[in-house]
Amino acid sequence: HRDLHSFPTRRSSDLRELGQYGEAYELTGVTLRRSREILGEKNPLTLALLNGFAADLRAGGEFAEALRLDQVSLDSHIEVFGADDGQTLRVMHNLALDQAVNSDYQAARELHQRTYLLRSEATSGVSTTEVLMSWNGLARAVRLCGNYTEARDVGDEAYDFGRAALGADHYWTIRTLTDLSIALRRIPTAYDEALERGTEVLDRCHRTFGDRHPDTLAAAMSLANIQRTVGQTSQALALAETTMEIGR
(Lines give C-alpha, C1' and ligand atoms only; values in the text may rest on other atoms or scores of the structure.)
Protein backbone atom coordinates (compact mmCIF):
# COMPACT_ATOMS: atom_id res chain seq x y z
CA HIS A 1 0.00 0.00 0.00
CA ARG A 2 2.76 2.41 0.93
CA ASP A 3 4.74 1.50 -2.20
CA LEU A 4 1.71 2.23 -4.40
CA HIS A 5 1.28 5.61 -2.72
CA SER A 6 4.93 6.40 -3.32
CA PHE A 7 4.77 5.78 -7.09
CA PRO A 8 3.88 9.37 -8.14
CA THR A 9 6.68 10.80 -6.03
CA ARG A 10 9.18 8.26 -7.37
CA ARG A 11 8.23 9.09 -10.96
CA SER A 12 8.78 12.80 -10.34
CA SER A 13 12.04 12.08 -8.54
CA ASP A 14 13.27 10.01 -11.49
CA LEU A 15 12.44 12.82 -13.92
CA ARG A 16 14.25 15.32 -11.67
CA GLU A 17 17.33 13.11 -11.43
CA LEU A 18 17.49 12.96 -15.24
CA GLY A 19 17.35 16.74 -15.49
CA GLN A 20 13.79 16.79 -16.87
CA TYR A 21 12.82 19.52 -14.41
CA GLY A 22 9.82 20.92 -16.27
CA GLU A 23 8.15 17.51 -16.56
CA ALA A 24 8.80 16.76 -12.89
CA TYR A 25 7.34 20.13 -11.87
CA GLU A 26 4.16 19.58 -13.90
CA LEU A 27 3.63 16.00 -12.71
CA THR A 28 4.18 16.79 -9.04
CA GLY A 29 2.08 19.94 -9.17
CA VAL A 30 -0.95 18.24 -10.75
CA THR A 31 -0.74 15.23 -8.44
CA LEU A 32 -0.29 17.41 -5.35
CA ARG A 33 -3.42 19.41 -6.17
CA ARG A 34 -5.46 16.23 -6.60
CA SER A 35 -4.07 14.68 -3.44
CA ARG A 36 -4.92 17.77 -1.42
CA GLU A 37 -8.48 17.78 -2.76
CA ILE A 38 -9.15 14.05 -2.34
CA LEU A 39 -6.97 12.96 0.59
CA GLY A 40 -6.40 16.16 2.56
CA GLU A 41 -3.41 18.24 3.60
CA LYS A 42 -2.06 15.82 6.23
CA ASN A 43 -2.31 12.59 4.22
CA PRO A 44 1.10 10.85 3.88
CA LEU A 45 0.92 10.98 0.07
CA THR A 46 0.10 14.69 0.11
CA LEU A 47 3.05 15.34 2.40
CA ALA A 48 5.40 13.30 0.22
CA LEU A 49 4.24 15.23 -2.84
CA LEU A 50 4.68 18.52 -1.00
CA ASN A 51 8.27 17.55 -0.28
CA GLY A 52 8.81 16.62 -3.93
CA PHE A 53 7.24 19.85 -5.17
CA ALA A 54 9.64 21.88 -3.02
CA ALA A 55 12.49 19.95 -4.68
CA ASP A 56 11.04 20.86 -8.09
CA LEU A 57 10.95 24.53 -7.07
CA ARG A 58 14.56 24.33 -5.91
CA ALA A 59 15.62 22.65 -9.17
CA GLY A 60 13.89 25.43 -11.08
CA GLY A 61 15.73 28.16 -9.19
CA GLU A 62 12.74 29.28 -7.07
CA PHE A 63 14.85 29.10 -3.93
CA ALA A 64 12.83 31.35 -1.60
CA GLU A 65 9.55 29.55 -2.34
CA ALA A 66 11.19 26.15 -1.89
CA LEU A 67 12.46 27.28 1.52
CA ARG A 68 9.01 28.49 2.56
CA LEU A 69 7.32 25.29 1.40
CA ASP A 70 9.81 23.00 3.14
CA GLN A 71 9.42 24.92 6.39
CA VAL A 72 5.66 24.34 6.21
CA SER A 73 6.23 20.72 5.20
CA LEU A 74 8.58 20.07 8.13
CA ASP A 75 6.02 21.30 10.65
CA SER A 76 3.38 19.00 9.12
CA HIS A 77 5.74 16.01 9.02
CA ILE A 78 6.63 16.43 12.69
CA GLU A 79 2.93 16.60 13.55
CA VAL A 80 2.00 13.51 11.51
CA PHE A 81 5.09 11.27 11.75
CA GLY A 82 7.15 12.61 14.65
CA ALA A 83 10.46 14.45 14.78
CA ASP A 84 12.73 11.42 14.20
CA ASP A 85 10.80 9.56 11.50
CA GLY A 86 12.64 8.83 8.26
CA GLN A 87 10.20 10.90 6.20
CA THR A 88 10.61 13.86 8.55
CA LEU A 89 14.39 13.58 8.22
CA ARG A 90 14.04 13.76 4.42
CA VAL A 91 12.32 17.12 4.77
CA MET A 92 15.00 18.30 7.21
CA HIS A 93 17.67 17.39 4.66
CA ASN A 94 15.83 19.28 1.93
CA LEU A 95 15.32 22.29 4.19
CA ALA A 96 19.08 22.38 4.79
CA LEU A 97 19.58 22.40 1.00
CA ASP A 98 17.13 25.32 0.79
CA GLN A 99 19.03 27.24 3.43
CA ALA A 100 22.27 26.78 1.51
CA VAL A 101 20.92 27.96 -1.84
CA ASN A 102 19.36 30.94 -0.03
CA SER A 103 22.89 31.74 1.30
CA ASP A 104 22.13 30.95 4.97
CA TYR A 105 25.22 28.73 5.16
CA GLN A 106 25.58 28.50 8.93
CA ALA A 107 21.96 27.41 9.36
CA ALA A 108 22.46 24.85 6.58
CA ARG A 109 25.54 23.49 8.31
CA GLU A 110 23.75 23.13 11.64
CA LEU A 111 20.70 21.44 10.13
CA HIS A 112 22.78 19.10 7.94
CA GLN A 113 24.80 18.10 11.00
CA ARG A 114 21.66 17.45 13.03
CA THR A 115 20.08 15.45 10.20
CA TYR A 116 23.26 13.46 9.64
CA LEU A 117 23.49 12.49 13.32
CA LEU A 118 19.83 11.44 13.44
CA ARG A 119 20.13 9.45 10.22
CA SER A 120 23.38 7.74 11.21
CA GLU A 121 21.88 6.70 14.55
CA ALA A 122 18.49 5.55 13.17
CA THR A 123 17.66 1.85 13.43
CA SER A 124 14.91 1.91 10.78
CA GLY A 125 13.39 4.10 8.09
CA VAL A 126 16.73 5.49 6.87
CA SER A 127 18.78 4.09 4.00
CA THR A 128 22.54 4.00 3.63
CA THR A 129 22.17 6.37 0.68
CA GLU A 130 20.38 8.89 2.88
CA VAL A 131 23.18 8.74 5.44
CA LEU A 132 25.67 9.55 2.69
CA MET A 133 23.44 12.34 1.36
CA SER A 134 23.46 14.04 4.76
CA TRP A 135 27.18 13.44 5.24
CA ASN A 136 27.96 15.03 1.90
CA GLY A 137 25.48 17.83 2.56
CA LEU A 138 27.37 18.60 5.75
CA ALA A 139 30.72 18.64 3.91
CA ARG A 140 29.28 21.04 1.31
CA ALA A 141 27.81 23.35 3.96
CA VAL A 142 31.12 23.41 5.82
CA ARG A 143 32.80 24.44 2.56
CA LEU A 144 30.23 27.16 1.92
CA CYS A 145 30.97 28.51 5.40
CA GLY A 146 34.57 28.97 4.24
CA ASN A 147 36.15 26.14 6.24
CA TYR A 148 37.89 24.43 3.33
CA THR A 149 40.26 22.11 5.18
CA GLU A 150 37.47 20.85 7.42
CA ALA A 151 35.24 20.41 4.36
CA ARG A 152 38.00 18.34 2.74
CA ASP A 153 38.27 16.16 5.85
CA VAL A 154 34.50 15.62 6.16
CA GLY A 155 34.24 15.01 2.42
CA ASP A 156 37.06 12.46 2.52
CA GLU A 157 35.26 10.54 5.26
CA ALA A 158 31.96 10.68 3.38
CA TYR A 159 33.59 9.49 0.16
CA ASP A 160 35.31 6.58 1.94
CA PHE A 161 31.95 5.62 3.46
CA GLY A 162 30.23 5.79 0.08
CA ARG A 163 32.83 3.59 -1.61
CA ALA A 164 32.69 1.01 1.18
CA ALA A 165 28.92 0.95 1.70
CA LEU A 166 27.54 1.68 -1.79
CA GLY A 167 30.40 1.23 -4.25
CA ALA A 168 32.54 3.65 -6.22
CA ASP A 169 30.05 3.93 -9.10
CA HIS A 170 26.94 4.60 -6.99
CA TYR A 171 25.48 7.92 -8.01
CA TRP A 172 25.74 9.44 -4.53
CA THR A 173 29.32 8.26 -4.12
CA ILE A 174 30.09 10.01 -7.39
CA ARG A 175 28.36 13.19 -6.22
CA THR A 176 30.36 13.09 -3.02
CA LEU A 177 33.57 12.90 -5.06
CA THR A 178 32.50 15.93 -7.11
CA ASP A 179 31.97 17.96 -3.95
CA LEU A 180 35.27 16.72 -2.54
CA SER A 181 37.10 17.92 -5.67
CA ILE A 182 35.57 21.37 -5.20
CA ALA A 183 36.76 21.55 -1.59
CA LEU A 184 40.25 20.49 -2.64
CA ARG A 185 40.34 23.28 -5.24
CA ARG A 186 39.98 25.82 -2.43
CA ILE A 187 43.13 24.56 -0.65
CA PRO A 188 46.34 25.74 -2.39
CA THR A 189 48.39 22.79 -1.11
CA ALA A 190 45.82 20.33 -2.53
CA TYR A 191 45.69 21.54 -6.16
CA ASP A 192 47.29 18.36 -7.53
CA GLU A 193 44.83 16.15 -5.70
CA ALA A 194 41.96 18.39 -6.81
CA LEU A 195 42.96 17.93 -10.44
CA GLU A 196 43.31 14.17 -9.98
CA ARG A 197 39.95 13.85 -8.25
CA GLY A 198 38.21 16.18 -10.69
CA THR A 199 39.47 14.21 -13.69
CA GLU A 200 38.52 10.93 -12.06
CA VAL A 201 34.96 11.97 -11.23
CA LEU A 202 34.30 13.36 -14.71
CA ASP A 203 35.52 10.11 -16.29
CA ARG A 204 33.28 8.16 -13.94
CA CYS A 205 30.30 10.37 -14.76
CA HIS A 206 30.83 9.85 -18.50
CA ARG A 207 30.88 6.07 -18.00
CA THR A 208 27.97 5.91 -15.57
CA PHE A 209 25.60 8.66 -16.73
CA GLY A 210 26.61 9.68 -20.23
CA ASP A 211 27.55 13.10 -21.57
CA ARG A 212 24.24 14.95 -21.07
CA HIS A 213 23.35 14.06 -17.48
CA PRO A 214 23.22 16.90 -14.89
CA ASP A 215 25.86 15.17 -12.75
CA THR A 216 28.21 14.95 -15.73
CA LEU A 217 27.74 18.66 -16.45
CA ALA A 218 28.40 19.51 -12.80
CA ALA A 219 31.57 17.41 -12.74
CA ALA A 220 32.73 18.99 -15.99
CA MET A 221 32.31 22.53 -14.68
CA SER A 222 34.08 21.55 -11.47
CA LEU A 223 37.04 20.22 -13.48
CA ALA A 224 37.08 23.35 -15.65
CA ASN A 225 37.31 25.47 -12.50
CA ILE A 226 40.14 23.31 -11.20
CA GLN A 227 41.99 23.53 -14.52
CA ARG A 228 41.67 27.31 -14.48
CA THR A 229 42.91 27.45 -10.88
CA VAL A 230 46.06 25.44 -11.65
CA GLY A 231 46.83 27.46 -14.78
CA GLN A 232 45.49 25.11 -17.46
CA THR A 233 43.47 27.92 -18.98
CA SER A 234 43.19 26.58 -22.53
CA GLN A 235 41.84 23.22 -21.34
CA ALA A 236 39.52 24.97 -18.89
CA LEU A 237 38.07 27.23 -21.58
CA ALA A 238 37.50 24.36 -24.02
CA LEU A 239 35.80 22.21 -21.39
CA ALA A 240 33.65 25.08 -20.11
CA GLU A 241 32.49 26.00 -23.62
CA THR A 242 31.59 22.40 -24.45
CA THR A 243 29.74 21.98 -21.17
CA MET A 244 27.83 25.24 -21.65
CA GLU A 245 26.61 24.18 -25.08
CA ILE A 246 25.40 20.81 -23.80
CA GLY A 247 23.83 22.47 -20.76
CA ARG A 248 21.70 24.71 -22.97
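This text follows the structure it describes.
The rules behind the values
- Residues numbered from 1 in each chain as written.
- Predicted model: local features only at pLDDT ≥ 70, side-chain atom pairs only at ≥ 80, totals over all residues.
- Heavy atoms only, no water.
- Helix = DSSP H or I, 4+ residues; strand = E, 2+ residues; numbered from the N terminus.
- Rg over C-alpha atoms; globule rule 2.2 N^0.38 Å.
- Buried < 20%, exposed > 50% of the residue type's maximum accessible area, 1.4 Å probe, protein only.
- Contact = heavy atoms within 4.5 Å.
- Areas by Shrake-Rupley, 256 points an atom, 1.4 Å probe, with all protein chains shown as cover.
- Lys, Arg positive; Asp, Glu negative; His and termini not counted.
- Charge placed at Lys NZ, Arg CZ, Asp CG, Glu CD.
- Phe/Tyr/Trp six-rings, centres within 6.5 Å; stacked < 30°, edge-to-face > 60°.
- Lys NZ or Arg CZ within 6 Å of the ring centre and 35° of its normal.
- Expected span 1.5 Å × (residues − 1).
- Axes fitted to C-alpha atoms, helices over the stretch in contact; angles between N-to-C directions.
- Parallel < 35°, antiparallel > 145°, perpendicular 65-115°, else oblique.
- Left-handed = near helix turned anticlockwise from the far one by under 90°.
- Polar contact = N/O pair within 3.5 Å; in protein donor to acceptor, adjacent residues only side chain to side chain.
- Nonpolar A, V, L, I, M, F, W, Y, C, P; charged D, E, K, R; others polar.

Participant: Go over the overall build of the protein chain, please, and point to the residues and values.
Facilitator: Each helix and strand counted, the protein chain has twelve helices and zero strands in total. Ordered by position in the sequence, the α and β elements of the protein chain form the string α-α-α-α-α-α-α-α-α-α-α-α. For 248 residues, the compact-globule estimate of 2.2 N^0.38 gives 18 Å, and the protein chain sits close to it at 18 Å. Based on the C-alpha atoms only, the size of the protein chain along its principal axes is roughly 60 × 35 × 30 Å. Here the protein chain holds 248 residues, and 46% of them are scored as buried. By sequence separation, contacts in the protein chain at least 24 residues apart represent 54% of the contacts at least 6 residues apart. Element-wise, carbon and sulfur atoms account for 50% of the exposed surface of the protein chain, whose accessible area totals about 12,200 Å². Put simply, the protein chain has 27 plus and 36 minus side-chain charges, and the middle of one group is 2 Å from the middle of the other.

Participant: Quick rundown of unusual backbone geometry? Include the residues and the values.
Facilitator: Positive phi is not limited to glycine here, since Ser103 has a value of about 70°. Accessibility expressed as a relative area gives 48% for Ser103, which makes it partly exposed.

Participant: Before we move on, can you summarise the packing of aromatic side chains with the specific residues and values?
Facilitator: Per the counting criterion, the structure on display carries three aromatic pairs. Where Trp135 meets Phe161, the ring centres are 5.2 Å apart and the plane angle is 45°; that geometry is what we call tilted. Here Phe161 lies in helix α8 (residues 148-165) and Trp135 lies in helix α7 (residues 128-144), a separation of 26 residues in the sequence. The class for Trp135 is buried, based on a relative accessible area of 13%. Chaining the aromatic ring pairs together yields one cluster made of Tyr116, Trp135 and Phe161. If you follow Arg175 out to its NZ or CZ, it ends over the ring of Trp172, 4.9 Å from the centre.

Participant: Which residues make up helix α4 (residues 63-81), and what values do they have?
Facilitator: With 19 residues, α4 should reach 27 Å at 1.5 Å per residue; the first-to-last C-alpha distance of 26 Å fits that figure. For α4, the elements touching its buried residues are α3 (44-59) and α5 (86-101). In the stretch just after α4, Gly82 is the one whose phi turns positive, near 105°.

Participant: Explain the packing of helix α11 (residues 214-229) against helix α12 (residues 233-247) to me, and be specific about the residues and the numbers.
Facilitator: Two elements in contact, α11 and α12, have axes separated by 8 Å at closest approach and are oriented at 160°. With respect to their mutual orientation, α11 and α12 come out roughly antiparallel. Considering only the axes of α11 and α12, their crossing is left-handed. Contacts from Leu217, Ala220, Met221, Leu223, Ala224, Gln227 and Arg228 in α11 reach Thr233, Gln235, Ala236, Leu239, Ala240, Thr243, Ile246 and Gly247 in α12.

Participant: Now, about the environment of Ile174: what can you tell me, with residues and values included?
Facilitator: Residue position: Ile174 is located in helix α9 (residues 171-185). Spatially, the C-alpha atoms of Ile174 and Glu200 are 9.7 Å apart, while their sequence positions differ by 26 residues. Not counting the four nearest positions on each side in its chain, Ile174 is found in contact with Ala168, Asp169, Val201, Arg204, Cys205, Thr208 and Phe209.

Participant: Help me get a handle on α5, residues and values and all.
Facilitator: Here α5 contains 16 residues, and its C-alpha end-to-end distance of 23 Å stays within 8% of the 22 Å for a straight helix at 1.5 Å per residue. Among the 16 residues in α5, 14 count as buried, and that is most of the element. With a side-chain oxygen positioned 2.9 Å from the backbone nitrogen of Gln87, the residue opening α5 is Asp85.

Participant: Please provide a residue-by-residue account of the packing of helix α10 (residues 191-209) against α11, values included.
Facilitator: Orientation of α10 relative to α11, taken along the N-to-C sense of each, is 155°, at an axis distance of 9 Å. As summarised for this structure, α10 and α11 are arranged roughly antiparallel, according to the angle between their axes. For the crossing formed where α10 meets α11, the hand is left-handed. For the pair α10 and α11, the contacting residues are Tyr191, Ala194, Leu195, Gly198, Thr199, Val201, Leu202, Cys205, His206 and Phe209 in the first and Asp215, Thr216, Ala219, Ala220, Leu223, Ile226, Gln227 and Thr229 in the second. Looking at the contact of α10 with α11, its residues break down into eleven nonpolar, six polar and one charged.

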